[in-house]
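Now for the letters of each chain:
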Amino acid sequence: MTADEFDQTLVQLSFEQALTELEKQVDALEHGQLGLEDALVCFERGVKLLRRCYQLLESAEQRVQELVGLSERGEAVVRPFSLPEEEATPGRAANSASAAQSKTT
Amino acid sequence: MSQSSAMLPFDTPPSPPGAKAVSALTVSQLTALIRELLEEAFDDVWVCGEISNHKEHMSGHVYFTLKDETAQIRCVMWRDAAKRLRFRVHDGLQVLVRGRVSVFPPRGDYQLYVREMQPRGLGPLELAFRQLYEKLQKLGLFAPERKRPLPRVPRRIGIVTSPRGAVIRDMLRILGRRWPLAEIWIRPVTVQGETAPAEITEAVRWFGRLSGVVDVVIVARGGGSAEDLWAFNEECVAFAIRACSENGVPVISAVGHEVDWTIADYAADKRAATPSEAAEMVVPDQQEMRQLLQTWKRRLEQALRSRVQNARRHLESFLRHPVFRRPLQRIKEKVQLVDDLGSQLHHAMQHFLSERKQKLALLTGRLHALSPLQVLQRGYSLTWKEGEKALLRSSDEVAVGDCLITQLARGCLRSRVESVQSPGDAHS
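Residues numbered from 1 in each chain as written. Chains lettered and ligands numbered in written order. Predicted model: local features only at pLDDT ≥ 70, side-chain atom pairs only at ≥ 80, totals over all residues. Heavy atoms only, no water.

Enquirer: Describe the overall build of chain A, listing the residues and the values that go with them.
Expert: Secondary structure summary: chain A contains 4 helices and 2 strands in total. Reading the helices (α) and strands (β) of chain A from amino to carboxyl end gives α-α-α-β-β-α. Looking at chain A as a whole, 30% of its 105 residues are labelled buried. Partitioning the intrachain contacts of chain A with sequence separation of at least 6 by distance along the chain shows that 44% fall at a separation of at least 24. On chain A, roughly 6,800 Å² of surface is accessible, and the fraction owed to carbon and sulfur atoms is 51%. (Helix = DSSP H or I, 4+ residues; strand = E, 2+ residues; numbered from the N terminus. Buried < 20%, exposed > 50% of the residue type's maximum accessible area, 1.4 Å probe, protein only. Contact = heavy atoms within 4.5 Å. Areas by Shrake-Rupley, 256 points an atom, 1.4 Å probe, with all protein chains shown as cover.)

Enquirer: Could you give me a rundown of the layout of surface pockets, with the residues and numbers involved?
Expert: Residue and element names in this part refer to chain B. A volume near 890 Å³ is recorded for the largest pocket. Elements supplying a minimum of two residues to the lining of the largest pocket: strand S1 (45-56), helix H3 (79-83) and helix H4 (124-138). The element that contributes the greatest number of residues to the lining of the largest pocket is H4, accounting for 5 residues. (1 Å grid on protein atoms, 1.4 Å probe; cavity = no way out; pocket = protein on both sides within 12 Å on 5 of 7 lines; lining within 4 Å. Points joined across faces, edges and corners; volume = space filled by probe spheres on them.)

Enquirer: Kindly report on the pairing of strand S11 (residues 382-385) of chain B, identifying the contributing residues and their values.
Expert: Residues and elements named next belong to chain B. Burial of the side chains of S11 is restricted to one face: Thr383 and Lys385 are buried, whereas none of Leu382 and Trp384 on the reverse face is. As judged from the 4 bridges shared by S11 and strand S12 (residues 403-407), these two strands associate in the antiparallel manner. If you follow Lys385 over to S12, its bridge partner there is Leu404. (Pairing = 2+ DSSP bridges.)

Enquirer: I'd like to hear about the packing of helix H5 (residues 166-178) of chain B against helix H9 (residues 275-282) of chain B, residue by residue, with values.
Expert: All names here are of chain B. Where H5 meets H9, the axes come as close as 9 Å, and the angle between the chain directions of the two elements is 20°. Classified by the angle their axes make, H5 and H9 are roughly parallel. Here the hand of the crossing between H5 and H9 comes out right-handed. When H5 is examined against H9, the residues Val167, Asp170, Met171, Ile174, Leu175, Arg177 and Arg178 are found in contact with a partner set consisting of Pro275, Ser276, Ala279, Glu280 and Val282. Taken together, the residues of the contact of H5 with H9 sort by class into 7 nonpolar, 1 polar and 4 charged. (Axes fitted to C-alpha atoms, helices over the stretch in contact; angles between N-to-C directions. Parallel < 35°, antiparallel > 145°, perpendicular 65-115°, else oblique. Left-handed = near helix turned anticlockwise from the far one by under 90°. Nonpolar A, V, L, I, M, F, W, Y, C, P; charged D, E, K, R; others polar.)

Enquirer: How would you sum up the packing of aromatic side chains? Please name residues and give values.
Expert: Residues and elements named next belong to chain B. One pass over the structure, following the stated rule, counts 8 aromatic pairs over all chains. Look at Tyr133 and Tyr266: their rings are 4.8 Å apart centre to centre, the planes differ by 70°, and that puts the pair in the edge-to-face class. Of this pair, Tyr133 sits in helix H4 while Tyr266 is found in helix H8 (residues 263-267), placing the two residues 133 residues apart along the sequence. On the basis of relative accessibility, which here comes to 21%, the residue Tyr133 falls in the partly exposed class. (Phe/Tyr/Trp six-rings, centres within 6.5 Å; stacked < 30°, edge-to-face > 60°.)

Enquirer: Can you explain the sheet that holds strand S3 (residues 72-77) of chain B? Please cite residues and give values.
Expert: Residue and element names in this part refer to chain B. Taken together, the 5 strands give a closed barrel; going around it, the order is S1-S2-S3-S5-S4, and neighbouring strands pair in mixed fashion. Pairs of neighbouring strands in the sheet enclose a mean axial angle of 50°, with direction left out of account. Judged from the 10 bridges that link them, strand S4 (residues 94-104) and strand S5 (residues 109-119) form a sheet pairing that is antiparallel. Paired with Gly99 across the strands is Val114, a residue of S5. Across the face of the sheet, helix H2 (residues 27-41) comes into contact with S4 and S5 while running at roughly 145° to S4.

Enquirer: Now, about the nonpolar core: what can you tell me, with residues and values included?
Expert: In this structure, Met117 and Ile200 of chain B are the most contacted members of the largest nonpolar core, which totals 62 residues. Counting 48 residues, the second-largest nonpolar core is a separate cluster that includes Cys42 and Tyr54 of chain A together with Ile218 and Trp296 of chain B. (Core = buried A, V, L, I, M, F, W, Y, C linked by side-chain atoms within 4.5 Å.)

Enquirer: Tell me what's going on with the interface of chain B and chain A, and back it up with residues and numbers.
Expert: It is common to report an interface's size as the accessible area lost on association of the parts. Opposite the 41 residues of chain B that make contact, chain A presents 46 residues. Counting across the chain B and chain A interface gives 4 salt bridges. Among the ionic pairs, Glu30 of chain A bridges to Arg299 of chain B, the shortest N-O distance being 2.8 Å. Joining chain B to chain A, the criterion identifies 17 residue pairs in polar contact (both at pLDDT 80 or more). Considered class by class, the residues forming the side of chain B that touches chain A number 25 nonpolar, 4 polar and 12 charged. Note that strand S1 (residues 64-70) of chain A and strand S7 (residues 183-188) of chain B share 3 bridges and pair parallel. Counterpart to Val64 of chain A in the pairing with S7 of chain B is Ile184 of chain B. (Salt bridge = Lys/Arg side-chain N within 4 Å of Asp/Glu carboxyl O. Polar contact = N/O pair within 3.5 Å; in protein donor to acceptor, adjacent residues only side chain to side chain.)

Enquirer: Before we move on, can you summarise the environment of Gln65 of chain A with the specific residues and values?
Expert: Following the sequence through the fold, Gln65 of chain A ends up in strand S1. In this structure Gln65 of chain A comes out as buried when scored by relative accessible area, which is 11%. Expressed as a C-alpha distance, the spacing of Gln65 of chain A and Ser82 of chain A, which sit 17 residues apart in the sequence, is 8.0 Å. In contact with Gln65 of chain A, not counting residues within four places along its chain, are Val78, Arg79, Pro80 and Phe81 of chain A together with Glu183, Ile184, Trp185 and Ile186 of chain B.

Enquirer: Pulling in residues and values, what's your account of the pattern of salt bridges?
Expert: Residue and element names in this part refer to chain B. Counted by the stated rule, this structure contains 32 salt bridges over all chains. As a salt-bridge pair, Arg155 and Asp215 come within 3.3 Å of each other at their nearest N and O atoms. Note that Arg155 is positioned in the loop between H4 and strand S6 (156-161) and Asp215 in the loop between helix H6 (196-208) and strand S8 (216-221), a separation of 60 residues in sequence. A salt bridge links Arg177 to Glu280, with the shortest nitrogen-to-oxygen separation between them at 3.7 Å. Here Glu280 lies in helix H9 and Arg177 lies in helix H5, a separation of 103 residues in the sequence.

Enquirer: For the pairing of S3 of chain B, give the residues involved together with the corresponding values.
Expert: Residues and elements named next belong to chain B. Bridging between strand S2 (residues 62-67) and S3 involves 6 bridges; their strand directions are antiparallel. From the neighbouring strand, Val62 faces S3, where its bridge partner is Met77. Counted along the chain from S2 to the antiparallel partner S3, the turn is 4 residues long. Direction of pairing for S3 relative to S5: parallel, over a ladder of 4 bridges. Its bridge partner lying in S5, Cys75 is registered against Leu112.

Enquirer: Give me the lowdown on the sheet that holds strand S2 (residues 76-80) of chain A, citing residues and values where you can.
Expert: Overall, mixed pairing links the 7 strands, which are arranged S2(A)-S1(A)-S7(B)-S6(B)-S8(B)-S9(B)-S10(B) in an open sheet. Each edge of the open sheet is held by one strand with a lone partner, namely S2 of chain A together with strand S10 (270-271) of chain B. The strands touched by H5 of chain B within the sheet are S1 of chain A together with S6, S7 and S8 of chain B, with S6 of chain B carrying the most contacts at an inclination of about 165°.

Don't take any of this as a statement about function, it's just geometry.
Structure follows, in structure tokens:
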């Protein structure tokens, strides 16, 4: 795999895939009988994988969906999920109350 | 007679004509009377005994005999009552039943119409649980080798639970804190009551069909009574969980508190003591993950550094090699070799020459011995006529007055012949 091909696949990797791949590179570099040139390639890939992992972590924002059902083709039908109103209200009320308080003080 | 016959109608012979009519009962009437008596007396009784001749009909009604050591009574349990039983009725089961005694007129049997049944010794739910557990275990539903490992880092997590209450909130909070990368798909269901098992089953089956889309499913419910948690002890839920797992989506069961074990817990790939624990175990913690990444980063750097050092040491070991350390050494060695060969050649030549010299000297000595000069030493001399080269060997060759040259061992003489004596004279 050339460096460009690697970069292309990198952006498609899930966190777990990146993590597994990173583990492989670390292992290869630590225990493998790599030539110096291969070791450098290995290191470079490892650094890129690390960057990918951090990138995914930093950009993470949890999405919560409701599974409404399955389509005829067996695909998931989802819509945004929010906690039921009557339970969400007390929390919100508390928040707005504290916000109001902080305004007055 | 007639008095007594009135008192004992069954003994009454057919009424003679004209006599006061004696009321004979029909079988149905009698049966109805008996039934009334029995129903009044045994409207609501609890009876304990052992079940035998148990039969469940297509209609859903259940028939059996309740017996002890010395007696037995026929029993019927109508479909509606039988449906409410959580455990399986079978011969030999010791039970406590509640019902009323009545008569089945077509057969003239009295029987117990059972509306409730409890196993003896165990609670009914406990018995039902044990029975289902044994059945499913025999079917291999709980086999450890069928357990699917959880994904290390799930991208999408399915949750089957009630959308209300603290359970879903706690789970979302924990998931959000630990691993916000994961997308959560919630399938809201009711988790107790009549419809709960079917809803849970359907939800789990849906997730099972989303293999590759959803990486893991959590089936969760907060704490409650055994009755509240019952939906998770239903066979259909256990089968749905296994089917989901077999399809490639592992299932975590998180029902009730730590002490509550449900059939779903056994069927699932992993049991969490509580829903919160399920949320903890299903994802890695991002803080720990960051630390792990840091560790790997260090290891990567360390490994490269040592690899480079290794390469350097290797290189240096080459450089320490004499070839690189004293590059002229080889040449010097060659020169020395040439020198050596040169001197060898020289010696050989010397030897050769001296040998020849010796030989020459030897030859010279031998030659010298033969030299006429040597003879001259001993007092002989050589004489030839002046101007001629031939040596004189006879006096005949000279005449008086010839000039003769005489070679001595040392020096020469020139002399003139004064007389000649012929060779014959000399001998005489």
